[in-house]
Amino acid sequence: MRTPISVGNWKMHATNAEAEQLAESLAGLSEVDGVTTVVAPGFLQLARVAERLRSSGIEMAGQNMHFAATGAFTGEVSPRQLAEVASWVILGHSERRRYFCENDAALKSKIEAARVHGLHSILAIGERAEERQAGHTQVVLQRQLWGALEGLDIPEGFVVAYEPVWAIGSGMPATGEQAQDAAALIRAVLAELQGDAVATSARILYGGSVKAENIAEFAAQPDLDGALVGGASLDAEQFLAITRAIAGAKRA
Ligand code: PEP
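Residues numbered from 1 in each chain as written. Predicted model: local features only at pLDDT ≥ 70, side-chain atom pairs only at ≥ 80, totals over all residues. Heavy atoms only, no water.

Student: Looking at this structure, how should I read the pairing of strand E7 (residues 203-207)?
Tutor: In summary, the side chains of a regular strand alternate between the two faces of the sheet. Counting buried residues along E7, five of its five residues qualify, which places the element largely inside the surrounding structure. Bridge count for E7 against strand E8 (residues 226-229) is two bridges, and the pairing is parallel. Note on E8: the bridge partner recorded for Gly207 is Leu228. (Buried < 20%, exposed > 50% of the residue type's maximum accessible area, 1.4 Å probe, protein only. Helix = DSSP H or I, 4+ residues; strand = E, 2+ residues; numbered from the N terminus. Pairing = 2+ DSSP bridges.)

Structure (structure tokens):
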């Protein structure tokens, strides 16, 4: 039995006042049972959002982090610092890979550092449009998983988000079938890499233009255990509707 997860990635969108208002709206809506709910505000907003959501049951995530516990890395946030305000961290988001040259070797170090500091990783992977068109989706997902996880000690319940790059922020989500095919592949690769217990307990999320109107298609897929939500997570009603739909589908 896998506990489903709903993750909201606020990216670089909210000021302090906007983040507090969003947190207030989320806290004011009733908690959703049977699903782990996580939000990832910007680093500067993490502490105040955590404070607002303290008794809500909603958990906090960083959107990235450095792998070193401490050191001379100007502008970075360490796992030791992040663990003071969050229990989760999103790693390998395609925007990090594309704009900040995040590579598999760095990701591997970050995933290991997260584990050491008691943070749960959400490893994001996904193919670009031209890779899908060329029929390379499976190879890309395999390469990203091997590159980030080979040789690591991955805990049961580990979270992987399948986020096709072409679906992120485009308003053009994958189909349920495409997402299920990718999730089944991810589970199979996890079994090769980490064994059956890790593979069957892993939580696999879909991300890419998820909305309250389309979440049912993803939540109905047997290998999907929730969603990583960008734009729609900036609207408290949308995010709660998505979270409720995930809980309802996975309870059924
Ligand atoms: C994301 O940034 O991870 C994401 C899925 O964004 P959106 O939901 O806006 O496509």
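Student: So what exactly am I meant to see when it comes to the packing of helix H5 (residues 104-116) against helix H7 (residues 137-149) here?
Tutor: Two quantities define a packed helix pair, namely the angle between the helix axes and the distance between the axes. As a packed pair, H5 and H7 sit with axes 7 Å apart at the nearest point and diverge in direction by 50 degrees. It follows that H5 is oblique to H7 by the angle criterion. Between H5 and H7, the contacting residues are Asp104, Leu107, Lys108 and Ile111 on the first element and Arg143, Gln144, Gly147, Ala148 and Leu149 on the second. (Axes fitted to C-alpha atoms, helices over the stretch in contact; angles between N-to-C directions. Parallel < 35°, antiparallel > 145°, perpendicular 65-115°, else oblique. Contact = heavy atoms within 4.5 Å.)

Student: Explain unusual backbone geometry to me, please; I cannot follow it from the model alone.
Tutor: The phi angle of most residues is negative, glycine excepted, and most peptide bonds adopt the trans form. One non-glycine residue, Lys11, lies in the positive phi region at around 50 degrees. Structurally, Lys11 can be placed in the loop between strand E1 (5-9) and helix H1 (16-28). In the Ramachandran plot, Cys101 falls in the positive-phi region, its phi being about 55 degrees despite a non-glycine side chain. Mapped onto the elements of the fold, Cys101 is located in the loop between helix H4 (94-99) and H5. On the basis of relative accessible area, Cys101 is assigned to the exposed category, the value being 64%.

Student: Help me understand the side chain of Ser233, please; the structure alone is not making it clear to me.
Tutor: Tracing the sequence through the fold places Ser233 in the loop between E8 and helix H11 (236-251). Residue Ser233 is classed as buried on the basis of its relative accessible area of 0%. Leaving out residues up to four positions away in the same chain, Ser233 has contacts with Gly8, Asn9, Trp10, Leu22 and Phe239.

Student: I keep staring at the nonpolar core and nothing clicks. Help me out?
Tutor: As a rule of thumb, soluble globular proteins bury nonpolar side chains together. Residues Leu26, Val39, Ile111, Leu123, Leu145, Leu149 and Tyr206 are the most contacted members of the largest nonpolar core, which totals 65 residues. Considering every element that reaches this core, the biggest residue donor is helix H8 (residues 176-194), with eight residues. Beyond its immediate stretch of four places on either side in the chain, Leu123 contacts Leu91, Arg97, Leu107, Ile111, Leu145, Ala148, Leu149, Phe158, Val159, Val160 and Ala161. Among the nonpolar cores identified, the runner-up in size contains 13 residues, and Val38, Ala61, Ala124 and Leu205 belong to it. (Core = buried A, V, L, I, M, F, W, Y, C linked by side-chain atoms within 4.5 Å.)

Student: Explain the site of the ligand here, please?
Tutor: Neighbouring the ligand are 14 residues, the closest being Lys11, Glu163, Gly169, Ser209 and Gly230. Taking Ser209, its main chain carries an N or O atom lying 2.7 Å from an oxygen atom of the ligand. Taking 290 Å² as the accessible area of the ligand by itself, protein coverage stands at 95%. Tallied by class, residues from the shell around the ligand come to four nonpolar, eight polar and two charged. (Near = heavy atom within 4 Å. Polar contact = N/O pair within 3.5 Å; in protein donor to acceptor, adjacent residues only side chain to side chain. Areas by Shrake-Rupley, 256 points an atom, 1.4 Å probe, with all protein chains shown as cover. Nonpolar A, V, L, I, M, F, W, Y, C, P; charged D, E, K, R; others polar.)

Student: Just to check I follow, could you spell out H7 for this structure?
Tutor: For an α-helix, the turn length of 3.6 residues means that residues three or four places apart are oriented alike. If you check H7, its first and last C-alpha atoms are 18 Å apart, about what 13 residues at 1.5 Å a residue would give, namely 18 Å. For H7, the full list of buried residues reads Thr137, Val140, Leu141, Gln144, Leu145, Ala148 and Leu149. Burial along H7 is one-sided: seen end-on, the buried residues are contained in an arc of 130 degrees. For H7, the elements touching its buried residues are H4, H5, strand E5 (120-125), helix H6 (129-133), strand E6 (159-162) and H8. (Expected span 1.5 Å × (residues − 1). Arc of directions from axis to C-beta.)

Student: Could you clarify how one ought to interpret the packing of aromatic side chains in this entry?
Tutor: Two measures describe an aromatic ring pair: the distance that separates the ring centres and the angle between the ring planes. Across all of its chains, the model carries two aromatic pairs by this definition. Taking 6.4 Å as the distance between ring centres and 50 degrees as the angle between the ring planes, the aromatic pair formed by Tyr162 and Tyr206 counts as tilted. Of this pair, Tyr162 sits in strand E6 while Tyr206 is found in strand E7, placing the two residues 44 residues apart along the sequence. Residue classification places Tyr206 among the buried residues on the basis of a relative accessible area of 0%. With a centroid separation of 4.1 Å and an interplanar angle of 15 degrees, the aromatic rings of Tyr206 and Phe218 are classed as stacked. Of the two residues, Tyr206 is situated in strand E7 and Phe218 in helix H10 (residues 215-219); the sequence distance between them amounts to twelve residues. Three or more aromatic residues link up through ring pairs in this structure, and these residues are Tyr162, Tyr206 and Phe218. Across the ring face of Phe100, the terminal group of Arg96 is positioned such that the distance to the ring centre comes to 4.2 Å. (Phe/Tyr/Trp six-rings, centres within 6.5 Å; stacked < 30°, edge-to-face > 60°. Lys NZ or Arg CZ within 6 Å of the ring centre and 35° of its normal.)

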